[in-house]
Amino acid sequence: MSEQYAIECRGITKIFGGKVTANDHVDLQLKFGEILALLGENGSGKTTLMNMLSGIYRPDGGTIFVRGEEVFINSPVDAMNLGIGMIHQHFKLVNVFSAMDNIAIGTKGRRLSTAKMREKIREISSRFGLEVDPDKKIYDMSVSEKQTVEILKVLYRGSDILILDEPTAVLTPQETEKLFAILKKMRDEGKAIIIITHKLNEVMEISDRVSVLRKGKSVASVNTAETDELKLTELMVGHSVDLSIRRPETDKKDGVLKVSGLSVTGAEGMKMLKDVSFEVKGGEILGVAGVAGSGQKELCEAITGLIPFEQGSVKLEDTELKGKSPFEILNLGVSISFVPEDRLGMGLVSSMGITDNMLLRTYYKTPGLFIDRKPAKEMADKLIDRLQILTPGTETPVRLLSGGNVQKVLLGREIESAPRVLITAYAVRGLDINSSYAIYDLLNEQKEKGVAVLNIGEDLDVLLALCDRILVLCHGEVTGIVDAKNTTKEQLGLLMTGIKQEKEAAHV
Amino acid sequence: MNFWVNFIVAAVVAGTPLLFGTLGEIMNERVGHLNLGVEGMMSLGAIAGFMVGYKTDNFALAMIAAFLSGAAGALVYAVVTVTFMANHTVAGLTLTIFGIGLTNVIGFHYLGMSESGTLKLPEQITQQMRSIHIEGLSDIPVIGDLLFQYNPFVYLGIVFAILLALFYNRTKAGLNVIAIGENPAAADAAGVHVTAWKYVNIVIGGGICGIGGAFTIMITNGGVWISDCVGGLGWIAVALVIFATWKPMNAIWGAFVFGAMRILKYYVNKEIIHIPDAFYDMLPFLVTAIILVVVSVRQVKDKAQPAACGTNYFREDR
Amino acid sequence: MSDHTTHKEPLLRVSKRRELTKRQAFGVKMISLLLALIAGGIFLAVLGFNPFVIYGTIVSGAFRSKLAVQGTVKLMIPLLISALGVTLAYKMQFWNIGAEGQIIMGAVFASYFALFHSNWPRPVLLIVMLLAAMIGGGIWGLIPAFFKNKWNTNETLFTLMLNYIALHIISFLRDGPWRDPANPGFAKIATFEENATLPKLFGVHIGWLIALILFVLVYIYLKYTKQGYEISVIGGSKATANYAGMHVKKIIIRTIFLSGAICGIAGFSNAAGSDLTLATGVAGGVGFTAIIVAWLADLEPLGILVVSFLFAVLDKGSSVIQSAYGLSTDCSDVLEGIILFFVIAGGFFVRYRFVPRKRKEEKGGENA
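Residues numbered from 1 in each chain as written. Chains lettered and ligands numbered in written order. Predicted model: local features only at pLDDT ≥ 70, side-chain atom pairs only at ≥ 80, totals over all residues. Heavy atoms only, no water.

A. Just the interface of chain B and chain C, in detail. Taken residue by residue, the interface counts 43 residues in chain B and 45 residues in chain C. Interface area, chain B with chain C, both sides summed: about 4,200 Å², of which 81% is carbon and sulfur. Taken together, the links from chain B to chain C amount to 3 residue pairs in polar contact (both at pLDDT 80 or more). Within the residue set of the side of chain B that touches chain C, elements represented by two or more residues are α3 (59-83), α4 (88-113), α11 (233-243) and α13 (277-297) of chain B. Among the elements that take part in the side of chain B that touches chain C, α4 of chain B stands out by supplying 14 residues, more than any other. (Contact = heavy atoms within 4.5 Å. Buried area = accessible area lost by both parts, 1.4 Å probe. Polar contact = N/O pair within 3.5 Å; in protein donor to acceptor, adjacent residues only side chain to side chain. Helix = DSSP H or I, 4+ residues; strand = E, 2+ residues; numbered from the N terminus.)

B. Fine view of the packing of aromatic side chains. The tally for this structure, following the rule as stated, stands at 47 aromatic pairs over all chains. Judged by centre distance (5.4 Å) and plane angle (75 degrees), the rings of Tyr-437 of chain A and Tyr-440 of chain A are edge-to-face. One end of the pair, Tyr-437 of chain A, and the other, Tyr-440 of chain A, are both in helix α15 (residues 433-448), 3 residues apart, so they sit about a helical turn from each other. Residue class for Tyr-437 of chain A comes out partly exposed when judged on its relative accessible area of 22%. Taking the centre distance of 5.8 Å and the plane angle of 75 degrees together, the rings of Phe-98 of chain B and Phe-341 of chain C count as edge-to-face. Taken together, the residues Phe-98 of chain B in helix α4 and Phe-341 of chain C in helix α13 (residues 331-346) connect one chain to another. Both residues of the pair, Phe-98 of chain B and Phe-341 of chain C, count as buried. Members of the aromatic cluster, connected to one another through ring pairs, are Phe-84 and Phe-314 of chain B together with Phe-348, Phe-349, Tyr-352 and Phe-354 of chain C. Across from the ring centre of Tyr-168 of chain B, 5.7 Å away, lies the NZ or CZ of Arg-30 of chain B, which sits over that ring. (Phe/Tyr/Trp six-rings, centres within 6.5 Å; stacked < 30°, edge-to-face > 60°. Buried < 20%, exposed > 50% of the residue type's maximum accessible area, 1.4 Å probe, protein only. Lys NZ or Arg CZ within 6 Å of the ring centre and 35° of its normal.)

C. Highlighting helix α2 (residues 51-63) of chain C. Residues and elements named next belong to chain C. With 13 residues, α2 extends 19 Å between its outermost C-alpha atoms, agreeing within 8% with the 18 Å of an ideal straight helix rising 1.5 Å per residue. Pro-51, Ile-54, Tyr-55, Thr-57, Ile-58, Gly-61 and Ala-62 are the residues of α2 that are buried. Viewed along the axis of α2, the buried residues span an arc of 160 degrees, placing them on a single side of the element. For α2, the elements touching its buried residues are α1 (22-46), α3 (66-91), α12 (301-325) and α13. The distance from a side-chain oxygen at the start of α2 to the backbone nitrogen of Phe-52 is 2.9 Å, and the residue carrying that oxygen is Asn-50. (Expected span 1.5 Å × (residues − 1). Arc of directions from axis to C-beta.)

D. Structural detail: the domain arrangement of chain A. Residues and elements named next belong to chain A. Looking at the assigned domains, one finds that chain A contains domain 1 (7-237), domain 2 (244-333 + 419-508) and domain 3 (343-417). On a C-alpha basis, the centroid separation for the pair domain 2 and domain 3 is 25 Å. Taken together, the contacts link 19 residues of domain 2 with 15 residues of domain 3. Carbon and sulfur atoms supply 68% of the area that domain 2 and domain 3 bury against each other, a total of about 1,300 Å² over both sides. Contact with domain 3 buries area across many residues of domain 2, yet Leu-330, Pro-419 and Leu-442 alone supply 35% of it, more than any other trio. The interface formed by domain 2 and domain 3 contains 1 salt bridge. In this structure, the salt-bridge partner of Arg-386 is Glu-445, at a minimum N-O distance of 3.4 Å. For the interface between domain 2 and domain 3, the tally reads 4 residue pairs in polar contact (both at pLDDT 80 or more). Secondary structure elements with two or more residues in the side of domain 2 that touches domain 3: α10 (326-330), β17 (421-425) and α15. The leading source of residues in the side of domain 2 that touches domain 3 is α15, at 6 residues. (Domains from an automatic or database assignment. Salt bridge = Lys/Arg side-chain N within 4 Å of Asp/Glu carboxyl O.)

E. Representation of the environment of Ile-329 of chain A. Residues and elements named next belong to chain A. Among the secondary structure elements, Ile-329 is positioned in helix α10. Here Ile-329 falls in the buried class, since its relative accessible area comes to 4%. For the pair Ile-329 and Glu-416, spaced 87 residues apart in the sequence, the C-alpha separation amounts to 17 Å.

F. Representation of the packing of helix α13 (residues 374-386) of chain A against helix α14 (residues 403-416) of chain A. All names here are of chain A. Between α13 and α14, the shortest axis-to-axis distance is 10 Å and the interhelical angle comes to 120 degrees. As the angle between them shows, α13 and α14 are arranged oblique. When you trace α13 past α14, the crossing you get is right-handed. Taking contact as the criterion, the partners of Met-379, Lys-382 and Leu-383 in α13 are, on α14, Val-409, Gly-412, Arg-413 and Glu-416. (Axes fitted to C-alpha atoms, helices over the stretch in contact; angles between N-to-C directions. Parallel < 35°, antiparallel > 145°, perpendicular 65-115°, else oblique. Left-handed = near helix turned anticlockwise from the far one by under 90°.)

G. Focus on the pattern of salt bridges. Residue and element names in this part refer to chain A. All told, the structure shown has 36 salt bridges over all chains when counted by the stated rule. In this structure, the salt-bridge partner of Glu-34 is Arg-209, at a minimum N-O distance of 2.9 Å. Taken together, the positions of Glu-34 in the loop between β2 (20-30) and β3 (35-39) and Arg-209 in strand β9 (residues 209-214) put the pair 175 residues apart, joining distant regions of the chain. For the pair shown, Glu-34 and Arg-209 are each scored as buried. Among the ionic pairs, Arg-122 bridges to Glu-119, the shortest N-O distance being 3.9 Å. One end of the pair, Arg-122, and the other, Glu-119, are both in helix α4 (residues 114-128), 3 residues apart, so they sit about a helical turn from each other. Salt bridges linked by common partners bring Arg-187, Asp-188 and Asp-208 together as one network.

H. Inspection of the interface of chain C and chain A at higher detail. Each partner contributes residues to the interface: chain C has 38 residues there, and chain A has 48 residues. Here chain C meets chain A over a buried area of about 3,600 Å², counting both sides, of which 54% is carbon and sulfur. On inspection of chain C and its partner chain A, the count reaches 0 salt bridges. On the surface where chain C and chain A come into contact, there are 16 residue pairs in polar contact (both at pLDDT 80 or more). Secondary structure elements with two or more residues in the side of chain C that touches chain A: β1 (12-16), α7 (207-224), α8 (226-236), α9 (238-243) and α15 (361-367) of chain C.

I. Quick peek at the nonpolar core. In this structure, Phe-278 of chain A together with Met-129 of chain C are the most contacted members of the largest nonpolar core, which totals 351 residues. Among the nonpolar cores identified, the runner-up in size contains 31 residues, and Phe-16, Val-26, Ile-64 and Ile-196 of chain A belong to it. (Core = buried A, V, L, I, M, F, W, Y, C linked by side-chain atoms within 4.5 Å.)

J. Broad picture of the pairing of strand β11 (residues 253-265) of chain A. Residue and element names in this part refer to chain A. Inspection of the sheet shows β11 paired to strand β12 (residues 271-282) by 7 bridges, in the antiparallel sense. Paired with Lys-258 across the two strands is Glu-279, which belongs to β12. Two elements, β11 and strand β14 (residues 311-316), share 5 bridges in a ladder whose sense is antiparallel. Note on β14: the bridge partner recorded for Leu-257 is Leu-316. (Pairing = 2+ DSSP bridges.)

K. Expanded view of the pairing of strand β8 (residues 192-197) of chain A. Residue and element names in this part refer to chain A. β8 sits mainly inside the fold: 6 of its 6 residues count as buried. Neither face of β8 is exposed, since Ala-192, Ile-194 and Ile-196 on one face and Ile-193, Ile-195 and Thr-197 on the opposite face are all buried. Alignment of β3 against β8, held across 5 bridges, turns out to be parallel. The partner of Ala-37 across the bridge, within β8, is Ile-195. Note that strand β7 (residues 161-165) and β8 share 5 bridges and pair parallel. Following the sheet pairing, Leu-162 is matched in β8 by Ile-193.

L. Layout of the sheet that holds strand β16 (residues 336-339) of chain A. Residue and element names in this part refer to chain A. Taken in spatial order, the 6 strands line up as β16-β17-β18-β13-β19-β20 in an open sheet, and their pairing is mixed. Of all strands in the sheet, those bounded by a partner on one side alone are β16 and β20 (477-483). Recorded for the sheet is a direction-independent mean angle of 15 degrees between the axes of neighbouring strands. As defined by bridge partners, strand β13 (residues 284-289) adjoins strand β19 (residues 469-474) across 4 bridges and the pair is classed as parallel. Looking across to β19, one finds that Val-288 is bridged to Leu-471.

As structure tokens, then:
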């Protein structure tokens, strides 16, 4: 060990459930006083790798060195003792506790008085420019405040190796800027920082070095100064930036799905959607872009009748859907198909086989008391054959299938009902490249059939390549609807951060 | 005046086994385990406390036995639910059936061997578990009766409750434990030994339930063994946890209020108020059912069941 | 900073495994059962009994004579019926532990007709009693289901309270309005007239026939009807059910009513078939044991048939042991408890496994 690394991973391997290889002999080095960006697509194994450094998962192979010594990180306590702190993407906070108590959980020593604790927190906060009210309860906090608490938790423990898992996914641009300033300050103090992201501009802005993972394998480590976004993309995706997703030309039919003035209030009284208006034409794919939690979920659920809305209207070929239950909407005759984000928790029944999952949307349509499984079985066989679904059989519980196959089952069923409108939410999340392309093809196939497709996405490159137009949501508001063919990622990025479109560009 | 003093004293005594059961269950639910085995753990404590008292004639040893036996029952539950991640409801129910069954098997076994046809605690231990008398203090009228002349269990229960409250409110470990019940993943990521603390709390909670069980034979039944001696108190204790909003100090007065309900029928003038006895027996359960509904109607975040209660935690679950 | 504990792997750690197939899972269950019997045997040995003799006596005791077999069947009836009842609720993830109360209320409603309309023609009276029992048990299930739907009131604790409320309703009736005047010393409810009791077929009251019919009906209901399908979907995920356009609340109400109604039938059968009166012990813990039966059988009707039979054998055999060896009948509860502990713990191995520490000796030298 010639050079003393903060962390060095050699040949780390992790296999989930004996079948999914999330990390395959991954190597990684991190120095003190640097910010390392860990770059990779969804499902490339970034989070898995970091979870092994923070003691959440145990590696199935390979060795980890911290400060040059081989270590076994069996639990978060071990990680903490080694000075490693992780800020998880899904915050690990106790909702009913104050910021202060959340910071105190699991720390060594006696419980401090609130006054002392407040003082200590203030000290750390001012050193790094963090802002948080120590007495505020987590359930009263905004996302960025929660993140600040998470960072404070790590700093309070005196960690000098910090791991941040997609910290900017939930932040506004201003908040991101602030976070980056804080991270740079920490680096200058000599801390070692890993930031997981798949946003290239952020990588360029914040990092000193970049390590790229692809399909669970380490591909390359480069100095940020010696690379650019294009090269990084190539490393990340493995082939040229041209995603080569088809965008077939079709005849557009007006007025298939028309949403106007839609407003939705969430469970906590927050406005989740504000005056949203748009149209999806038959034979077009309308993409929806936005930072996570901008109202995408509410939009899908309002259209499909799963949540009520107080203002506005949703029209499906002249039929008003407002006030209708999901059951009534299903029975209109013109069908809306919906592939929800939570495939196993909402779109399918995870404990049932493909056959019984086929029945979900149609079982009540046959007369009589009894259920008719014969057509469902035939449909299951047909889908398995047509979409090349890998499964031991039609009765194997779908939770045992891989993510790509689960999505094929779900999307296949939804397409099977010959819908007029198809809504898909994060259709390729967690899927490998091949499965993703299979899904894109299915969406295009529907588009060519004249279906109006509303596609909620997160990868801007994909949205730009696949969709005809893209609607951008920010904090529940539409900040623009653009033509995908002559829009750049940067333009989309600006809209996502709430900078509204100029009037001229608005008409498409 | 005298009537009220008698009534309150009786309510406190009747509420004491409930206090133990409630504290034990609070310790379980605070680490996220809805343990429906309270009745079973109390039964186990009852028979162990009784048998050891019967054989050794020593109150302290009997108490230790009751604690250990309740704790042993809880340990089985903990192994099954914490390590083997089984369903809490079913595991708890099984513990209750198992605990009552085992208690009766042992009880009848020794009953069969006794010559008199009854099992009764010997003289010395009966003296030790009798109400205390502190010269001077206990003789103060009213106050002495209300505060200084209970059996040792009453004071033990209150001390337990206060200690538990201090633990939750004043110590780091207590904070960690509450965090486990609310969000085990958060506690784990913060470096709390989730599994170890779950075991500790469930097992000690079971031990406290066991002492409450011993009370039912030693005090309520005057030291004579009967089958099914706990008689549903464990279930009331589960309900009382809700009444106490998972706070040990609330458990004290909650237990005494429920104790009052249990003995109400003996203190109401039946000449004036014609309500059948069955109604009084039903009262604690009826009140709890109503409280359950009221609690669910007005959802207060800080007064709800620990958020992770009833779910198992596996670190690698995403 | 790093301390020495971090240099070791734990001796055993838990890891998710590729899920076992149904057949393998069944194998795990059988191994668990075997281990449970061994553990139970150790328990018996500690008490000073020869476990082989006791186990042998339990089995032979349950079948030693025609009378014994009839007794076993009689014990099986309420267990089978109420296990089928609770299964409907549990399939929906409705944590109903109120079978005890539903059995009681079924018995109470049926008893009203038995006590006050015993002059009706026997078939009419019995059918009315059956229906009344279903309504009684059903209502007792509806109450928590209503509150669950409306305010998400915790059904586990609510149904628990209703058990005791139901129990004290019987004692109220016994002490007051329904007290048998012919029995001045000791408060009890009058014995039913023969007209209001279940006739016997092959030596056992026809509750067994009702139980078997219910078994077939529940089996078909869960497996082949739309309503059964809806129950499974809701049990899988309420969000999915909503998404599929199901009226989730309505289905919950309907299913819990049915679940309670079936348990109510068990109460009717116990009162009119076994006790021939309404007693506070009409449910006698069957409602709780039924949950264990249903759980052991993985909520599958066929499994419930088998497990309730085995439990009945255990119960009947235990009563023989009591007379032969003086070991309390509660012994069956202990054995049932042990079995369930082992089986639910064994369920762990369907999804997880323990991974032992890898040997590190040869590698250790490198670092030292």
